[in-house]
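This is what each chain is made of:
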Amino acid sequence: MSATQYSELLDFVARKPQAEIRKTTLGHHAALDELWNVWQECCAHNWDGYDALPVESQTYTAAYMLIESLPLGFPRPSIGAEPDGHLTLEWHKSPRRTLSVSVDPDGFLHYAGLYGSDKRNGRLTFYSTAPHELIQLVRDI
Amino acid sequence: MLDPSDVPDVGHDELLARFIYQSSHIRPSDRTVKPNAFLPPKNLLCSVTRHLQATDDEIWTIGQCGALERGATLYGRADVRSQVCADAGLVVLKVPVKGNVNHADVSGWPDDKSEQKMIAQELAAAATLVDPPTAWQVAS
């Protein structure tokens, strides 16, 4: 490898993590766009082929508010839906370091996470700001 | 496929397939399956297909027929061992149905939502996502 190639490789390695971080944390627009797309796909009955309930507009609104209330620069969640009509925010690093948070239409958050060999699950209440416990759960992933 | 007149109970180490008809159940970043794919519907029975005595083509044909019946797209299947279900406190019951003698239901789910999610996390972490045959993807 030439000196120039080596220098370019070092530059690439130094730049890549920053680019990856920017891609996954910038604002909330990307997450809100994904939320909209998932809702559009899952607002009719049987959207998963297994008799799933539709995602109601109240659930969409609750998930929207939760995403909006996350701190700027916070890791971006991936959005999904569940058979009972809840929406999901997921923070995933690996199969055994992953957190899934369900948003229901009544403002409750049901979560389950794998933290290596540790497991955490429970329920939180969401009003208008993201619960401190949720922020910590994500940071611990 | 299994002999319809002699369907054995589900063994401890059988491979089970969960067909995925919803694109958001798959993580595009690393091509793994989300726990949402395993969460049961309101009857708390998660429908799966046993690999026992079935060829890969037969398994995919069942999944594709399911997609046609539902008017849905088959995005893949998540394969998981029955032992993983048992370790999570679930029971896999043989439930042959018309067109799929290898059908089974994963039952024994708790009522609590976060506990359901915890179990689904375990199943997803142990599952392997398998993409549909390339020819089908091109055709569709």
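Note that the structure is a prediction, hence the values are computed from the model and not measured.

Reading guide: rules and limits
Residues numbered from 1 in each chain as written. Chains lettered and ligands numbered in written order. Predicted model: local features only at pLDDT ≥ 70, side-chain atom pairs only at ≥ 80, totals over all residues. Heavy atoms only, no water. Salt bridge = Lys/Arg side-chain N within 4 Å of Asp/Glu carboxyl O. Helix = DSSP H or I, 4+ residues; strand = E, 2+ residues; numbered from the N terminus. Buried < 20%, exposed > 50% of the residue type's maximum accessible area, 1.4 Å probe, protein only. pLDDT = per-residue confidence, 0-100. Core = buried A, V, L, I, M, F, W, Y, C linked by side-chain atoms within 4.5 Å. Contact = heavy atoms within 4.5 Å. Lys, Arg positive; Asp, Glu negative; His and termini not counted. Polar contact = N/O pair within 3.5 Å; in protein donor to acceptor, adjacent residues only side chain to side chain. Phe/Tyr/Trp six-rings, centres within 6.5 Å; stacked < 30°, edge-to-face > 60°. Pairing = 2+ DSSP bridges. Buried area = accessible area lost by both parts, 1.4 Å probe. Nonpolar A, V, L, I, M, F, W, Y, C, P; charged D, E, K, R; others polar.

As for the pattern of salt bridges
Part 1 of the reasoning: Per the counting criterion, the structure on display carries 14 salt bridges over all chains.
Part 2 of the reasoning: Note that B:Lys113 is salt-bridged to A:Glu82, the shortest N-O span being 2.4 Å. Highlighted residues: B:Lys113 in helix α3 (residues 113–126) and A:Glu82 in the loop between β1 (78–81) and β2 (87–94), drawn from two different chains. Side by side, B:Lys113 and A:Glu82 carry an identical accessibility label, which is buried.
Part 3 of the reasoning: One salt bridge connects B:Asp131 with B:Arg31, and the closest N-O pair in it is separated by 2.5 Å. Residue B:Asp131 is located in the loop between β8 (128–130) and α4 (134–139), and its partner B:Arg31 is located in the loop between β2 (26–27) and β3 (32–33); the two are separated by 100 residues in the primary sequence.
Part 4 of the reasoning: Sharing partners across several salt bridges, the network here consists of A:Glu82, A:Asp84, B:Lys113 and B:Lys117.

So, the confidence of the model for chain B
Part 1 of the reasoning: Looking at chain B, the pLDDT average stands at 94 and 96% of residues meet or exceed 70.
Part 2 of the reasoning: If you check the scores for this complex, the pTM reads 0.87 and the ipTM reads 0.90.

Regarding the nonpolar core
Part 1 of the reasoning: If you look at the biggest cluster of nonpolar residues, it comprises 35 residues, and the most contacted ones within it are A:Leu35, A:Leu66, A:Leu87, A:Trp91, A:Leu99, A:Leu109 and A:Leu134.
Part 2 of the reasoning: Those residues in contact with A:Leu99 that lie beyond four places of it in its chain are A:Leu89, A:Glu90, A:Trp91, A:Tyr111, A:Ala112, A:Gly113, A:Tyr115, A:Leu137, A:Val138, A:Ile141 and B:Gln121.
Part 3 of the reasoning: Residues B:Cys46, B:Cys85, B:Trp109 and B:Ala127 belong to the second largest nonpolar core, which totals 24 residues.

Points about the side chain of A:Asp104
Residue and element names in this part refer to chain A.
Part 1 of the reasoning: Residue position: Asp 104 is located in the loop between β3 (97–103) and β4 (108–115).
Part 2 of the reasoning: Salt bridges are absent for the buried Asp 104, whose nearest opposite-charge side chain, Arg 123, sits at 6.1 Å.
Part 3 of the reasoning: Of the polar contacts made by the side chain of Asp 104, one reaches the backbone nitrogen of Asp 106; its length is 2.8 Å.
Part 4 of the reasoning: In terms of polar contacts, Asp 104 uses its side chain to reach the backbone amide nitrogen of Gly 107, at 3.1 Å.
Part 5 of the reasoning: With residues near it in sequence (within four places) discarded, Asp 104 still touches Thr 59, Ala 62, His 86 and His 110.

Structural notes on the packing of aromatic side chains
Part 1 of the reasoning: Taken as a whole, this structure holds six aromatic pairs over all chains when the rule is applied.
Part 2 of the reasoning: For the pair A:Trp39 and A:Tyr60, a centre-to-centre distance of 4.4 Å together with 15 degrees between the ring planes defines the contact as stacked. With A:Trp39 in helix α2 (residues 29–42) and A:Tyr60 in helix α3 (residues 57–69), this pair connects stretches of sequence that are 21 residues apart.
Part 3 of the reasoning: Pairing A:Tyr50 with B:Tyr21 gives two aromatic rings, centres 5.7 Å apart and planes at 50 degrees, and the pair type is tilted. Of this pair, A:Tyr50 sits in the loop between α2 and α3 while B:Tyr21 sits in the loop between β1 (15–20) and β2, placing the two residues on different chains.
Part 4 of the reasoning: Taking the relative accessible area as the measure of exposure, B:Tyr21 reaches 5% and is therefore buried.

Observations regarding the pairing of strand β5 (residues 118–125) of chain A
All names here are of chain A.
Part 1 of the reasoning: In the sheet, β4 pairs with β5 via eight bridges, with the strands oriented antiparallel. Opposite Ala 112, over in β5, you have Asn 121 as the bridge partner.
Part 2 of the reasoning: Taken together, β4 and the strand that follows it, β5, pair antiparallel across an intervening segment of two residues, in which Gly 116 is found at a positive phi of about 70 degrees.

Some words on the interface of chain B and chain A
Part 1 of the reasoning: Each partner contributes residues to the interface: chain B has 28 residues there, and chain A has 36 residues.
Part 2 of the reasoning: For the pairing of chain B and chain A, the buried interface totals around 2500 Å² over both sides, and the portion due to carbon and sulfur atoms is 49%.
Part 3 of the reasoning: Taken together, the connections running from chain B to chain A amount to 22 residue pairs in polar contact (both at pLDDT 80 or more).
Part 4 of the reasoning: Elements with a contribution of two residues or more to the side of chain B that touches chain A: β1 and α3 of chain B.
Part 5 of the reasoning: With eight residues, the top contributor of residues to the side of chain B that touches chain A is α3(B).
Part 6 of the reasoning: For the side of chain B that touches chain A, a count of residues per class yields eight nonpolar, nine polar and eleven charged.

Details of the confidence of the model for chain A
All names here are of chain A.
Part 1 of the reasoning: Summary statistics for chain A give a mean pLDDT of 86 and a share of 81% for residues scoring 70 or more.
Part 2 of the reasoning: Across chain A, element-level confidence peaks in β4 with a mean pLDDT of 98 and bottoms out in helix α1 (residues 3–25) with 49.
Part 3 of the reasoning: Ignoring residues within four places in sequence, the model shows residues 15–23, a span with pLDDT below 50, making zero contacts including any to other chains.

A short note on the environment of A:Met65
Residue and element names in this part refer to chain A.
Part 1 of the reasoning: Within the secondary structure, Met 65 sits in helix α3.
Part 2 of the reasoning: For Met 65, a relative accessible area of 38% puts it in the partly exposed group.
Part 3 of the reasoning: Sequence separation of Met 65 and Arg 96 is 31 residues, and the distance between their C-alpha atoms is 28 Å.
Part 4 of the reasoning: With residues up to four places along the chain from it excluded, the contact list for Met 65 reads Phe 126 and Tyr 127.

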